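# Examination of the molecular architecture
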Amino acid sequence: MFRYFSFLLLFISFSITAQIKSPSEFLGYEIGTQFTRHADVLDYYEYVSENSNLVNFNIYGKTNERRTLSYAVISSEANITNLETIRTNNLKNTGILDGDASPEIAIVWLSYNVHGNEASSSEAGMLTLYKLITEKKTWLENAVVIIDPCVNPDGRDRYVNWYNQVKATPYDVKQIAAEHNEPWPGGRPNHYLFDLNRDWAWATQVESEQRLKIYNKWMPHVHVDFHEQGINEPYYFAPAAEPFHEIISDWQRDFQVEIGKNHAKYFDKEGWLFFTRERFDLLYPSYGDTYPTFMGAIGMTYEQAGHGRAGLGINTDEGYVLTLKDRVAHHTTTGLSTVEISSKNTKNLNTNFKEFFNTSNLKYKSYVLNGNQDNIKKLTNLLDKHEIKWGISTQKLVSGYNYSTQKNGSIHAENALVVSTNQPKGKMVKALFEPDVKLTDPLTYDITSWSLPYAYGLETVASTNLIPANNVFIQTAINNNPSPNGAGYISKWHSMSDAAFLTELLENNIKVRFSEMKLSFNHTKFDRGSLIITKSDNKSNPEFDKMVTYIANKHQRQLFVASSSFSDNRTDFGSPNIKLVNKQRIVVLKGKGVSSLSYGAIWHFFETQLKYPITSIDTDNFRNSTLNSFDILVLPEGFYEKSFNEEGLKSLKQWIQKGGKVIAMGKTVGFFNEKEGFGLEKNGTDEEEDDEEFLEENTDDLLTPYADKERNSVKNFITGSIYKVAIDKTHPMAFGYGDTYYSLKQGKSSFQFLENGYNVGYIKGDAESVSGFSGKDAKEGLKNSLVFGEQRVGKGSIIYMVDNVLFRSFWENGKLFFVNSIFFVNNNKVIL
């Protein structure tokens with residue numbers, strides 16, 4: 001009787017699963033013949049979870065455009081019933097949770113569609129889900145599979161909606177056809193035009209921040225990030241290319257090979273081309289393959305030909321038609337193959353996963369950081385997103401490698417931030433905080449330096465000793481009270497928190513001044529850039545005192561109450577050196593010719609960090625007269641030859657002369673090179689070399705063998721390296737900074753010092769890099785070069801920011817240069 005009852009339950013369970021519709025049956029079209037909108041993708045996952053005991057479907061957040069972020073958990077019925085135990089046992093195995101456990105279940109996480117226009121993967125995800133619960137159920141006995149159907153719903157729908165609107169029926173395979181040429185900005189990035197595959201470690205975007213909460217709850221053993229590349233490329237899968245970060249274990253390297261061999265078996269059977277161990281390395285920590293790898297997983301990128309060009313089908317340069325059906329089949333195959341080999345190696349996965357979290361062999365045991373408390377707070381917020389432990393030092397002095405001097409030294413450590421590697425995520429701590437990255441190969445896919453102490457501008461020592469620290473950061477809440485009898489209020493200027501305070505005051509029509517001189521009131525000293533909020537400027541506001549103190553308390557800014565506007569040091573409130581901050585009218589260009597990533601970083605900065613309004617204008621709609629309604633023009637990185645032809649450049653100069661201000665970001669600075677009246681010239685000799693001299697100096701380069709050309713070219717590269725920059729801290733652009741700044745330099749562009757302008761940030765003499773790779777010739781070319789500067793043009797200015805301080809929004813210590821350029825530098829209004 002019992003045997004019959006068990007058989008009946010098995011039959012019922014099988015029948016329910018067998019009746020589940022395939023994606024094609026559910027959607028009403030064959031997978032690969034249409035692109036599926038995000039909402040319809042999720043409808044299929046919900047349908048499956050409601051009709052299968054093998055699937056749980058969960059929501060983990062919303063995008064900026066209010067689309068759903070979700071994940072499905074797939075496993076056997078027994079494992080689904082026991083999911084919480086499986087999850088917590090895995091965390092115990094790493095040491096993240098207390099307790100002993102010996103798990104033997106593999107946890108595999110498959111992430112689809114991080115780039116919105118690499119749209120085959122969400123289609124493949126649905127098919128992978130269906131096949132796992134209908135054809136591959138035996139693998140689920142040993143594995144829990146987590147599927148994120150679409151990491152970037154906003155980008156995917158941007159692409160899919162566009163494609164569905166413009167495609168021909170039947171689809172047109174010619175490369176020139178409209179359906180193979182996306183309009184700006186394309187579907188790749190998210191709402192704010194960020195590349196989510198570069199945001200895992202920095203978590204600046206809502207998608208990343210919400211996803212990390214779930215990722216850290218599970219800590220998978222294997223993670224796959226599904227991508228697409230150019231239409232002519234064969235499929236790429238693991239093992240990855242060099243360089244590998246040094247924290248990656250031999251096991252992680254070896255198991256990537258085993259996974260690759262398993263994929264190759266299926267690809268060879270079908271006659272599908274693939275490549276491995278080229279292009280896609282494992283160094284930069286913020287990718288969808290490296291971040292999981294640095295968290296102990298086997299992290300991998302899979303790249304299918306297609307991208308935003310392929311549509312439903314396209315002629316390749318090799319003469320065959322690449323179809324969406326092909327792309328879906330390839331991604332489905334590697335996804336299933338990954339689950340298969342993981343389910344067959346559960347013991348090894350769990351054993352070696354546990355071993356990864358042994359951090360006893362790391363050189364530096366603690367990183368001790370001191371400095372601007374607002375930046376310390378920003379850094380601890382980032383650490384909290386990754387659930388990395390930190391504490392406050394109880395030691396007065398700590399010795400070790402000093403980041404400021406690049407040699408051994410000491411810092412005062414009482415109440416300093418301590419981040420130790422003596423914790424389960426200690427290897428990620430090393431990757432994020434180490435002073436320099438060990439590089440086995442300079443030919444890498446991304447930047448080679450990102451050290452957080454430099455990014456946050458903090459005095460830091462890396463110690464080989466474990467520094468004792470408390471677990472509680474005690475900070476007394478600031479509570480300012482209105483002082484209607486005083487002359488006004490003064491607030492110091494050091495960080496983005498001060499900038500956010502300023503912009504909220506301006507948005508509430510509170511008039512604010514800033515000081516170009518050092519101040520002293522009632523024996524309290526204030527540095528340049530300090531904000532002065534006077535009663536006399538705000539006489540018409542009866543709620544002035546209440547509003548100022550309310551906003552200050554909201555931002556936790558300490559206000560100094562000035563009982564009198566008469567100073568201790570001759571700079572009174574009415575001094576010409578204490579200037580009114582104008583409520584600037586800002587325009588930012590976007591569209592054709594503009595880097596979508598650079599524009600997106602600026603857009604995101606204003607809306608989510610500074611919270612100050614801007615007007616974005618498409619380059620196609622931009623006219624010279626447009627500027628007459630604005631005070632500041634921000635030019636993201638891009639190419640502006642069409643927007644500012646000879647006549648347009650003349651009009652731009654006239655607008656600047658009337659008081660306008662241009663802020664040129666990154667590569668855009670080069671657009672003004674040798675343009676008359678803009679004061680900018682590239683570094684390099686003006687003298688022409690004769691043929692004999694040229695041949696003598698360049699013979700080795702000219703005779704470099706074909707096979708060595710790429711590697712030989714690295715001497716001209718700077719791949720995201722950190723450089724020491726001298727700062728003129730008396731200039732308004734540098735208010736809030738000290739004499740030295742560490743800048744993330746992404747290229748070799750080098751400009752001469754401004755002859756008739758202000759050289760605010762510069763490299764004097766030989767360039768000094770403190771972290772990351774720089775080719776010999778590229779580094780030599782930075783000698784005596786401009787980094788930040790202001791060139792006066794009539795009543796206005798052009799600001800040159802050779803190094804883009806808003807790049808990926810993670811270089812926290814550079815952002816104040818940008819804010820200063822807006823509100824403090826040549827603080828004029830356009831006069832027509």
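Before reading further, recall that the structure is shown in the block above.
Read on for an overview of the structure. (Residues numbered from 1 in each chain as written. Predicted model: local features only at pLDDT ≥ 70, side-chain atom pairs only at ≥ 80, totals over all residues. Heavy atoms only, no water.)

A few words on helix H16 (residues 496-507). Taking 1.5 Å as the rise per residue, H16 with 12 residues should run 16 Å; its terminal C-alpha atoms sit 16 Å apart, in good agreement. With 11 of 12 residues buried, H16 is to be regarded as a mostly interior element. Among the residues of H16, Met496, Ser497, Asp498, Ala499, Ala500, Phe501, Leu502, Thr503, Glu504, Leu505 and Leu506 are the ones counted as buried. Lining the buried residues of H16 we find helix H13 (373-385), strand E20 (488-491), strand E24 (531-534), helix H17 (544-555), helix H18 (596-610) and helix H23 (815-823). N-capping of H16 is provided by serine 495, with a side-chain oxygen placed 3.2 Å from the backbone N of serine 497. One or two residues past the end of H16 sits asparagine 509, with phi positive at roughly 60°. (Helix = DSSP H or I, 4+ residues; strand = E, 2+ residues; numbered from the N terminus. Expected span 1.5 Å × (residues − 1). Buried < 20%, exposed > 50% of the residue type's maximum accessible area, 1.4 Å probe, protein only. Contact = heavy atoms within 4.5 Å. Polar contact = N/O pair within 3.5 Å; in protein donor to acceptor, adjacent residues only side chain to side chain.)

Before going further, it helps to examine the layout of surface pockets. Any empty space left between the atoms is revealed when a probe the size of a water molecule rolls over them. Its volume calculated, the largest pocket comes out at about 1,400 Å³. In this structure, the largest pocket is lined by 50 residues; those nearest its centre are Asp374, Lys378, Asn381, Met496 and Ser497. Those elements giving two or more residues to the lining of the largest pocket turn out to be helix H8 (206-218), H13, E20, H16, H17 and H18. Here the second largest pocket defines a volume of roughly 960 Å³. (1 Å grid on protein atoms, 1.4 Å probe; cavity = no way out; pocket = protein on both sides within 12 Å on 5 of 7 lines; lining within 4 Å. Points joined across faces, edges and corners; volume = space filled by probe spheres on them.)

Bringing the pairing of strand E1 (residues 55-62) into the picture now. Here E1 pairs with strand E2 (residues 68-74) via seven bridges, running antiparallel. The residue bridging asparagine 56 from the neighbouring strand is valine 73, located in E2. A loop of five residues connects E1 with E2, the two strands running antiparallel in sequence, and arginine 66 in this loop sits at a positive phi of about 70°. (Pairing = 2+ DSSP bridges.)

Quick look at unusual backbone geometry now. Cis peptide bonds are those with omega within 30 degrees of zero, and the linkage from tryptophan 184 to proline 185 qualifies with 5°. With respect to the helices and strands, the residue proline 185 is situated in the loop between helix H7 (153-166) and H8. With an omega of 5°, the peptide bond between glutamate 242 and proline 243 qualifies as cis. Relative to the helices and strands, proline 243 is located in strand E7 (residues 241-244). For alanine 203, which is not glycine, the phi torsion reads 50° and is therefore positive. If you trace the backbone, alanine 203 turns up in the loop between H7 and H8. The exposure class assigned to alanine 203 is buried, which follows from its relative accessible area of 1%. In the Ramachandran plot, histidine 307 falls in the positive-phi region, its phi being about 60° despite a non-glycine side chain. Relative to the helices and strands, histidine 307 resides in the loop between strand E10 (298-305) and strand E11 (313-315). Take histidine 307: its relative accessible area is 23%, and that puts it in the partly exposed class.

Another aspect to go through is the packing of helix H6 (residues 120-134) against helix H11 (residues 324-343). Running from N to C, H6 and H11 cross one another at 50°; their axes reach a closest spacing of 8 Å. One finds that H6 runs oblique with respect to H11. Crossing angle aside, the handedness with which H6 passes H11 is right-handed. For the pair H6 and H11, the contacting residues are Ser120, Ser121, Glu123, Ala124, Leu127, Thr128, Lys131 and Leu132 in the first and Leu324, Arg327, Val328, His331, Thr332, Leu336 and Val339 in the second. Of the residues contributing to the contact of H6 with H11, the split by class is seven nonpolar, five polar and three charged. (Axes fitted to C-alpha atoms, helices over the stretch in contact; angles between N-to-C directions. Parallel < 35°, antiparallel > 145°, perpendicular 65-115°, else oblique. Left-handed = near helix turned anticlockwise from the far one by under 90°. Nonpolar A, V, L, I, M, F, W, Y, C, P; charged D, E, K, R; others polar.)

With respect to the helices and strands, the residue aspartate 157 is situated in helix H7. From its side chain, aspartate 157 meets the backbone nitrogen of histidine 38 in a polar contact 3.0 Å long.

What follows is about the sheet that holds strand E16 (residues 407-412). What the seven strands build is an open sheet, ordered E16-E15-E18-E13-E17-E14-E19; its pairing is antiparallel. The open sheet terminates on both sides in strands that have one partner only, identified here as E16 and strand E19 (469-470). As paired elements, strand E15 (residues 397-402) and strand E18 (residues 459-463) share two bridges and run antiparallel to each other. Its bridge partner being in E18, asparagine 402 is matched across the sheet by valine 461. In the packing of helix H14 (residues 426-433) onto the sheet, contacts are made with strand E13 (366-370) and strand E17 (417-420), and the angle to E13 comes to roughly 50°.

Once that is clear, we can look at the pattern of salt bridges. Scanning the model with the defined rule gives 36 salt bridges in all. When the shortest N-O distance is used, the salt bridge between aspartate 446 and arginine 808 registers 2.8 Å. Linking aspartate 446 in the loop between H14 and helix H15 (452-455) with arginine 808 in the loop between strand E36 (796-801) and H23, this pair joins segments that are 362 residues apart in sequence. In this structure, aspartate 446 and arginine 808 share a single accessibility class: buried. The partner of lysine 592 in a salt bridge is aspartate 620, and the shortest N-O contact between them spans 3.8 Å. Pair noted here: lysine 592 is in the loop between strand E27 (586-590) and H18 and aspartate 620 is in the loop between strand E28 (615-618) and strand E29 (632-635), with a separation of 28 residues, a long-range link. (Salt bridge = Lys/Arg side-chain N within 4 Å of Asp/Glu carboxyl O.)

Attention now moves to the packing of aromatic side chains. Using the criterion set out here, one finds 66 aromatic pairs in the structure. Taking the centre distance of 5.3 Å and the plane angle of 45° together, the rings of tryptophan 109 and tyrosine 215 count as tilted. With tryptophan 109 in strand E3 (residues 106-111) and tyrosine 215 in helix H8, this residue pair connects regions lying 106 residues apart in the sequence. Summarising the burial analysis for this pair, tryptophan 109 and tyrosine 215 share the class buried. A centroid spacing of 5.5 Å and a plane angle of 80° characterise the contact between phenylalanine 356 and phenylalanine 357, whose relative ring orientation is edge-to-face. Phenylalanine 357 matches phenylalanine 356 in its accessibility class, with the two residues each being buried. One aromatic cluster is present, built from ring pairs that chain together Trp202, Tyr236, Phe275, Phe280, Tyr284, Tyr287, Tyr445, Trp450, Phe807, Phe810 and Trp811. Cation over ring: lysine 427 sits above phenylalanine 356, and NZ or CZ is 4.4 Å from the ring centre. The ring of phenylalanine 671 has lysine 675 sitting right over it, with the charged end atom 4.5 Å from the ring centre. (Phe/Tyr/Trp six-rings, centres within 6.5 Å; stacked < 30°, edge-to-face > 60°. Lys NZ or Arg CZ within 6 Å of the ring centre and 35° of its normal.)

Okay, the packing of H16 against H23 next. Across the interface, H16 lies against H23 with an axial gap of 10 Å and an inter-helix angle of 30°. By the angle between their directions, the pair H16 and H23 is classed as roughly parallel. In the crossing of H16 with H23, the sense of the turn from one axis to the other is left-handed. Of the residues in H23, those touching H16 at Met496, Ala499, Leu502, Thr503 and Leu506 are Lys815, Leu816, Val819 and Phe823. Grouping the constituent residues of the contact of H16 with H23 by class yields seven nonpolar, one polar and one charged.

Let us look at the sheet that holds E20. One open sheet accounts for five strands, arranged E25-E20-E24-E21-E26; its pairing is antiparallel. Each edge of the open sheet is held by one strand with a lone partner, namely strand E25 (560-562) and strand E26 (578-580). When strand polarity is set aside, the average angle formed by the axes of neighbouring strands in this sheet is 30°. When E20 meets E25, the two strands line up antiparallel, connected through three bridges. Bridged to glycine 488 within E25 is alanine 562. Packing against the sheet, H16 makes contact with E20 and E24, and its axis sits at approximately 30° to E24. Against the sheet, H17 makes contact with E20 and E24, and its axis sits at roughly 15° relative to E20, the strand it touches most.

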